Structures are given as structure tokens and as C-alpha cells.
Amino acid sequence: MTESLLPYGHQTIDSDDIEAVVRTLASDFLTTGPEVAAFEADLSTVSGASHAAVLNSCTSALHAAYAAIGVGPGDEIVTSPLTFAATGNAALYLGARPVFVDIDPSTGLIDPVLVEGAVTSRTRAIVAIDYAGQPADYDALRRIADRHNVPIVADAAHSLGASDKGRAVGTLADVTALSFHPVKLITTGEGGAVLTDDPDVHARVTELRSHGMVLERSRLTRDDGPWYMEMQSLGFNYRITDIQCALGRSQLRKLPRFLARRRAIADSYDRGLSSISGLDLPGRRKGAESAWHLYVVRVSEPSRRRRFFEALWRSAIGVQVHYLPVYRHPYYQDLGYPEGMCPRAEDFYARAVSLPIFPGLTDSDVERVIETVNAVARETLE
Ligand SMILES: Cc1ncc(COP(=O)(O)O)c(C=O)c1O
């Protein structure tokens, strides 16, 4: 019997999610309606952030967030290369330059010591990535950010529901961007959010999301009549639909259950894979509780990674690799970023393999992953 493929990530959609979407389809508002505002209120409650603005992706959220804190032409953001390209791309959209600093080799999180050395008068933000779902060391980053008077942005695409020393993601940075792509912690199909306590940043993100259009009567430069609204800055159409937000609200109610399942799977992997020589398991940062978006193992010997990866696929374990350091994409190479600039991130990439982890994995799926990884490691790593 051929076993079904277990992908590295997959959405969990129940009948109540489908009902929420169908109800919204039959309502008066498909977009810019009550589900959008309600999803924002729910996100704010769950995260503890004062304001939430929902957008059509995390990429849009990062773009709008950077713009809202004033990132512009000639500026720099200091960030980690162990992320999806969008973290850096959003700075490029604004004419700014990402400055990549290396990671802690055990967790894949940005190394605050290196951040300190990279901040200059051009730095407009420190952007941390909660790689694989584990919050970065925001206490250390905060000390640096305060010394240099720059804001911290959290790319929390992986970490909704995670916490550091009991403080929830959404309250750790000045501005936090979330993703609701299907493999993430909850989904809206495509979608994202910007969380912040700063009312000005929130207002700016909300404006940029919808063409830079201003509706509040008190802010208009003139009054042509009750219909009148005006564009005061160049914005985008980064709006998310009510259909998606209805799904997001339904998903958000299940976040505690999703997180508990992800954490149980990670604990099972830790136990079931710990005796494999030639494989390093994910490093856990003290005080941090991960959302376990990814479970990333690293082979000790990079030259064996491909064989290990391919053998797992032949056994229907749909592993993936996260991430090629952003500056090693050809587009970034053409911008002049040299290979070798962050050797720990390059080494991490050369050894990383993401195993399946998502709430829908059954106990027997988890057992299958553990047995297969053990067998394949014996074949390819020892
Ligand atoms: C760390 C990180 N940042 C940003 C993004 C972009 O998210 P989205 O697909 O919602 O635009 C992703 C998506 O994979 C990601 O993993």
C-alpha cells in the first residue's frame, strides 16, 4: 500500500469554517464590512495589541508597516536573512536597503549582538523574524532599539500565539506583521495583519491599505458634499475581504487547540528523533514558547542533506527547506549582496529540513514521520 503524502504544512478547515464563509457570502458585505472590523477586534483581544489592521497578505502588512514607521528611500532596515524574501522585499519596495545580520546557529533567530554593530544613522527599523514560530530575543533587541531610538518590527508570520516570558506576540515589538497563508497558524486563504499600540501607525496602515484615501470629515482639505473623500497620499489596494475575515475569525477561535496540537507534535519529535546521530533538533530559546509553525531539523553533514531530503520524499514525507538566505536569491545578488556575508545562516540553510507539522496530523502520522526519519537517517546520514 502506498502511504499518502504528509506535507510539511497544511490548513485545518472544519465545517464551522465553511459555514462562516457561506454565511458571509449571503450577507450584504463581501468586503469592507463588519467581518473585517470584527476580525480586527478579535486579533487585538487575542494578541493584547491595542490596534489590529487586517490586509490581504503579510507581504502587504510588512510594506504598509515599514511605510507607516517612515522607512523610505536611502534608509536601511537591519534584519535576518533566514526568512522568506518578503521581509526584505518590502523594504526594497520603499527604496530602502535591507542590511542582513547573522543568526544564532541553534535557533535561527537574529543575533542581537550583531544587530548592535549594524545599526547606523540610516537605520529606520530593526526587523526580527520569529523563525519557525519562536519569538526572537526582543528584550535584547529593545535595549539596542532604545539606545538608537529606532522601532522594532516583528515579522511574526510564523508566530501568532507564541510568547516570550509570558508576553504574547503582538506586544513584543512596536509593530507586528502576521500572515494567514494556509500553512500558517490560522488561515484566511491569503491574508495578513499589522498589530501595534501606536494609534498613528495604525491609522497610517489603514489609510495605505485603501489607496491613501481619507474619509474623516475633520481631515479633509475641502468639503464638496456628503459623498466627498480624497486621496492624501499614495496608497494601495491591500484590502482583505469579509469572506476571508469570516474564515479568519472562525479559525482564530481554534488557535489554542491548533497551538496545543503543534506543541504536542514538536514534543513527540523531540523525543522520537533525539537518538539520531547526525541530526540536530530545533534549539529552544529560554523563556520563549514557540507556536511551532515549522519543525526544522539540521543534518550535521551538509553534503548528505540532499540524499536525506530525497529519501524522505520517496517515503511520502513531504519535507521542505526554510530558507535560502534572502541575499542569496539572484535578484539580491544582482543588487550586490555578496555570498558568505552571513555564514551561520548559510550553514543553517545548507543543513535544514522542515518536517511535517500541522494540527491535522494524527498520532499515527506523527509515529510514521518519526519511524521514517529514523530509518532514512540510518540509511543516509550514518
Ligand atoms: C517569515 C515570513 N514573512 C513574510 C511572509 C509573507 O507572507 P504572505 O505570504 O502572507 O505575504 C512569509 C510567508 O511565507 C514568511 O514566512
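Refer to the preceding data block for the structure.
Residues numbered from 1 in each chain as written. Predicted model: local features only at pLDDT ≥ 70, side-chain atom pairs only at ≥ 80, totals over all residues. Heavy atoms only, no water.

**Considerations on the packing of aromatic side chains**
All told, the structure shown has eleven aromatic pairs when counted by the stated rule. Geometrically, the ring pair formed by Tyr-331 and Tyr-332 is edge-to-face, given 6.1 Å between the ring centres and 75 degrees between the ring planes. For Tyr-332, a relative accessible area of 1% translates into the label buried. Connected via pairs of aromatic rings, a cluster forms that spans Phe-100, Tyr-327, Tyr-331, Tyr-332 and Tyr-337. Sitting over the ring of Tyr-337, Arg-97 keeps its end group 4.4 Å from the ring centre. The aromatic ring of Tyr-349 is capped on one face by Arg-305, whose charged end is 5.1 Å from the ring centroid. (Phe/Tyr/Trp six-rings, centres within 6.5 Å; stacked < 30°, edge-to-face > 60°. Buried < 20%, exposed > 50% of the residue type's maximum accessible area, 1.4 Å probe, protein only. Lys NZ or Arg CZ within 6 Å of the ring centre and 35° of its normal.)

**As for the side chain of Asn-374**
Locating Asn-374 in the fold gives a position in helix α13 (residues 363-380). Here Asn-374 falls in the buried class, since its relative accessible area comes to 15%. Here Ile-370 takes part through its backbone oxygen, which lies 2.8 Å from a polar atom of the side chain of Asn-374. Not counting residues within four places of it along the chain, the set of residues in contact with Asn-374 comprises Gly-272, Leu-273, Ser-275 and Ile-276. (Helix = DSSP H or I, 4+ residues; strand = E, 2+ residues; numbered from the N terminus. Polar contact = N/O pair within 3.5 Å; in protein donor to acceptor, adjacent residues only side chain to side chain. Contact = heavy atoms within 4.5 Å.)

**Comments concerning the packing of helix α10 (residues 305-314) against α13**
One way to put it is that α10 packs onto α13 with a least axis distance of 10 Å and a crossing angle of 140 degrees. Put simply, α10 runs oblique to α13. The interaxial crossing formed by α10 with α13 has right-handed handedness. Here α10 contributes Arg-307, Phe-308, Ala-311 and Leu-312 to the contact with α13, which in turn contributes Thr-372, Val-373, Val-376, Ala-377, Glu-379 and Thr-380. (Axes fitted to C-alpha atoms, helices over the stretch in contact; angles between N-to-C directions. Parallel < 35°, antiparallel > 145°, perpendicular 65-115°, else oblique. Left-handed = near helix turned anticlockwise from the far one by under 90°.)

**A short note on empty space enclosed by the protein**
Taken as a whole and judged by the stated rule, the model has three cavities of 30 Å³ or more. As for the largest cavity, its lining consists of 14 residues, of which Thr-107, Ala-132, Gln-134, Pro-282 and Gly-283 are closest to the centre. The residue makeup of the lining of the largest cavity, split by class, is seven nonpolar, five polar and two charged. Of the voids in this model, the second largest cavity is the one considered here, and its volume is about 50 Å³. Lining the second largest cavity are His-10, Gln-11, Thr-12, Pro-182, Lys-184, Leu-185, Ile-186, Thr-187, Gln-251, Phe-258, Arg-262 and Pro-359. Its residues assigned to classes, the lining of the second largest cavity comprises five nonpolar, five polar and two charged. (1 Å grid on protein atoms, 1.4 Å probe; cavity = no way out; pocket = protein on both sides within 12 Å on 5 of 7 lines; lining within 4 Å. Points joined across faces, edges and corners; volume = space filled by probe spheres on them. Nonpolar A, V, L, I, M, F, W, Y, C, P; charged D, E, K, R; others polar.)

**Details of the packing of helix α3 (residues 58-68) against helix α7 (residues 199-209)**
One way to put it is that α3 packs onto α7 with a least axis distance of 9 Å and a crossing angle of 130 degrees. One finds that α3 runs oblique with respect to α7. Between α3 and α7 the crossing geometry is right-handed. Residues Ala-64, Ala-65, Ala-67 and Ala-68 of α3 touch α7, and the partners they reach there are Val-201, Arg-204, Val-205 and Leu-208. Residue composition of the contact of α3 with α7, by class: seven nonpolar, no polar and one charged.

**Looking at unusual backbone geometry**
Following His-322, the chain continues into Tyr-323 via a peptide bond in cis, with omega recorded as 0 degrees. Mapped onto the elements of the fold, Tyr-323 is located in the loop between β16 (317-318) and α11 (330-334). Not every positive phi belongs to a glycine, and Trp-292 is a case in point at roughly 50 degrees. Assignment of secondary structure puts Trp-292 in the loop between β14 (288-289) and β15 (295-299).

**Observations regarding the pattern of salt bridges**
Scanning the model with the defined rule gives 31 salt bridges in all. In this structure, Glu-35 and Arg-249 form a salt bridge, with 3.1 Å as the shortest nitrogen-oxygen distance. In this pair, Glu-35 sits in helix α2 (residues 34-47) while Arg-249 sits in helix α8 (residues 242-253), placing the two residues 214 residues apart along the sequence. The partly exposed category is assigned to Arg-249, whose relative accessible area is 23%. For the salt bridge of Arg-351 with Asp-280, the shortest nitrogen-to-oxygen distance reads 3.3 Å. One end of the pair, Arg-351, is in helix α12 (residues 343-351); the other, Asp-280, is in strand β13 (residues 279-280), and 71 residues separate them in sequence. We classify Arg-351 as buried; its relative accessible area is 11%. Put simply, Asp-14, Asp-16, Asp-17, Lys-254 and Arg-257 are held in one network by salt bridges that share partners. (Salt bridge = Lys/Arg side-chain N within 4 Å of Asp/Glu carboxyl O.)

The values reported here are purely geometric and, on their own, carry no functional implication.
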